[in-house]
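# What the coordinates show
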Amino acid sequence: MIGRKKRNRAPDAPDQAEAAAGADAVGGTTAAITVQRRGQPAPVAPQREVTRFGHGSRVPGWDDAVDLDRDPAQIPDPATTPVPAPLRTEIEAHMAKYPDFHSATIPALAAAQRHHGWCSPEAIWQAACVMRLTPGYLISVASFYDMLETRPVGRHAVYVCTNISCSLCGADELYDRLKQETAADPDVNVRGFECLGACDIAPMASVDGVYVGPITLDEVPKLVEQIREGLPPLPGKQLRLRKSTDPGAARTTTGTADPGIARATAGAADPVSPTRTHGTPMGGGPVGPPAAIEQPPAPPEEDE
Amino acid sequence: MTSPTILFAGIDEPGLNTIDVYRSRGGYEMARRALTEMTPEAVLDELLASGLRGRGGAGFPSGKKISFIPKANVDKYLVCNADESEPGTFKDRELMQKCPHMLIEGIIIGAYAAGASRSFIYIRGEYAEQADIIDAALLEAEQAGLLGENILGSGFSLSLVLHRGAGAYICGEETGLLDSLEGKRGNPRLKPPFPANQGLYQGPTVINNVETLATMPHILRMGGEEYAKIGTESSAGTKLVSVSGNVQRPGNYEIELGVPSREIIYDLAGGPPDGREVKFWFPGGSSSPVLTKDDLDIPYDFDSLAKAKSMLGSGAIIVVDDSVPVVSVALKLAKFYKHESCGKCTPCREGTRWTVSMLERVDQGLATPMDLDIMASVQEQIIGNCLCVLGDAMAMPIGSMVAKFREEFEAHIEAARARNPFAGDDPPDVDPVLIQGAAGA
């Protein structure tokens, strides 16, 4: 249901009947602003193809995902909506963290997405069942946020930043190449994404939540191979290895003497690695609990 | 370059994201001092004396923001805005990744001054690695008794929850963030009431940027008045500046407010690649009106940039060199804001859409110079007419680009038309009546 909604939003190719209707509409407006000379045949309005949506209108709006004859979905009945125990536990843990359980909506949807690969109707109904909310409410939230997928997507989420700073450094070419290389692979979901907040390593990509960059076009095949295998992407180029560029990072402050700060060494090694194994933050990764902090540390990776 | 380094001092120290290393540097000393030796009023006085202005974009005095919180005995909240989505900005990311405890200490101090008992960090969903680091740091701080009930025996209690967003630029706007944190779509709210009176869960809420909060322990350490001596009179302190785009050494730099912008772009970031010149630059993220190479000597502080009709914003300098056509940057920018507009207010929703359409016409040679006037007037009609500043954030840079590079826009139209000689004969895919209406407006 949700899956169909997005697809139907794309303009369909106008069929013959619709194209004719479009010509009529345009003809009407043209006639109104053309001076028609007496005794001459009315000028034939130029045929113009108007792009139309599936429901025949030029504007997106109601589409056939909205079934007006059907009653709105109620809060799912726990008796008829089985929820996997790990998912239920996770959502309930999120709900307990906040003064108002509604706040757990995004974490709950993210958890459901991890279990199901995307915010499928099943995922939404299960989250709604645990949270005691209507599916409609959750769909309204899921469709707002970019990282919540309302269509089936590949397991590996690859976000390529295509915003200003990155595109000044060649992000559009990188995106095209990545898209090309993974075109035949349904497992990899390459998306052009808005600024990911890593303009210092432009052009960059977030591979299942791990930031890598700058990525040269030559490295794309290797990167795609690593994505497919589920290996750490371009280990030497991951963001967390990057040192601060600020020359002051090695200096002490001007404030009151703080003996500790002076100990900072310039050639600092990898700041104790975030003990995060390679896994999707939100995308449909391997089914199971999220990459939690108590997981074993990642294997040592080659330094730059 | 003798500017002091406060936030970034020794930031690359190995293990700084663990509580032991942070404490060995004197970390959490200031939180302890504030909670056990100072009253909330005394902490607030130090913050007011420091002249610290918000580092997230608006530059509102942080102490004053906290002082607006009513003293009444109700649930109060502190929210840390870590939804760093402004294109070009990546300073909070480095801070959270390398020294999460500095942020937590700042939150403890800020919450104590505001009397908040619950606090939240709203981090953007894309920062998965950073969120994991903060999660680990929160666990350490809780185990060390720095968060939770009766912290360090002071009688002050504070809970801190990390909330991960799911990818929406608008959630960096403070009221959009609150709606998102309440589990809704991130639509901004009408102001007033301001969050200080009715914010999260309708309670008084103070919302601060990561960098603002991380500065608070240092203000207590140095003393508010001492901190105010750094920088200029109206822009006190140091600022993390993210330099990116066509520069040789992109990255975060901590500068003293008031240094010439040229020093940041050329001395620190290395300037544009060899043989290239700065064409224009965004001084404070993609939402700030652009400045040209003639403006490079403007001191980098809140008021000087405001006087130059731009803004310091989040402190993200994006440098564009002379090899890049201005139209492509404008189009990229407009498409971003069109995508991120939440759709609540008509001027922003429609204005961003039409600006993209008009820029595409410019790019394809379908436009006339008159379209540039229409485009400029659309920008004027967006500014100030929406609940939040997302529309303004597109309108200001696009308007400034059209104003400052009008000749290039016109030349671009001519060149595109020459490449595509049939473009002018074929009416664009826009209703002709609509075009007439817009021209008459």
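Residues numbered from 1 in each chain as written. Chains lettered and ligands numbered in written order. Predicted model: local features only at pLDDT ≥ 70, side-chain atom pairs only at ≥ 80, totals over all residues.

## So, the confidence of the model for chain B
Residues and elements named next belong to chain B. Residues of chain B with pLDDT of at least 70 account for 95%, and the chain-wide mean is 92. When the criterion is pLDDT under 50, residues 432-441 qualifies, and its contacts beyond four places in sequence or with other chains add up to seven contacts. Under the prediction, the complex receives an ipTM of 0.91, its pTM being 0.83. (pLDDT = per-residue confidence, 0-100. Contact = placed C-beta atoms within 7 Å.)

## Focus: the sheet that holds strand β3 (residues 205-207) of chain A
All names here are of chain A. If you trace the four strands from one edge of the open sheet to the other, you get β2-β1-β3-β4, paired in mixed fashion. Each edge of the sheet is formed by a strand with only one pairing partner; in this case those strands are β2 (188-193) and β4 (210-212). Adjacent strand axes in the sheet meet at a mean angle of 25°, parallel and antiparallel pairs treated alike. In terms of strand pairing, strand β1 (residues 156-161) meets β2 through six bridges, oriented parallel. Bridging across to β2, H156 finds its partner in V188. (Pairing = 2+ DSSP bridges. Helix = DSSP H or I, 4+ residues; strand = E, 2+ residues; numbered from the N terminus. Axes fitted to C-alpha atoms, helices over the stretch in contact; angles between N-to-C directions.)

## Notes on the interface of chain B and chain A
The interface is formed by 77 residues belonging to chain B together with 65 residues belonging to chain A. Split into classes, the residues belonging to the side of chain B that touches chain A amount to 31 nonpolar, 25 polar and 21 charged. (Nonpolar A, V, L, I, M, F, W, Y, C, P; charged D, E, K, R; others polar.)

## Concerning the sheet that holds strand β9 (residues 316-321) of chain B
Residues and elements named next belong to chain B. Strand order across the open sheet formed by five strands is β6-β5-β9-β7-β8, with mixed pairing between neighbours. In this open sheet, the two strands that pair with only one neighbour each are β6 (251-256) and β8 (291-292). One ladder, built from four bridges, connects strand β7 (residues 278-282) with β9; its direction is antiparallel. Note on β9: the bridge partner recorded for W281 is V319.

## Things to note about the pairing of β6(B)
All names here are of chain B. For β6, the tally of buried residues reaches six of six residues, placing the bulk of the element in the interior. Side-chain alternation along β6 places G251, Y253 and I255 on one buried face and N252, E254 and E256 on a second face that is also buried. With six bridges connecting them, strand β5 (residues 238-245) and β6 associate as antiparallel partners. By the bridge assignment, V243 is partnered in β6 with G251. (Buried ≥ 20, exposed ≤ 12 C-beta atoms within 10 Å, placed from the backbone.)

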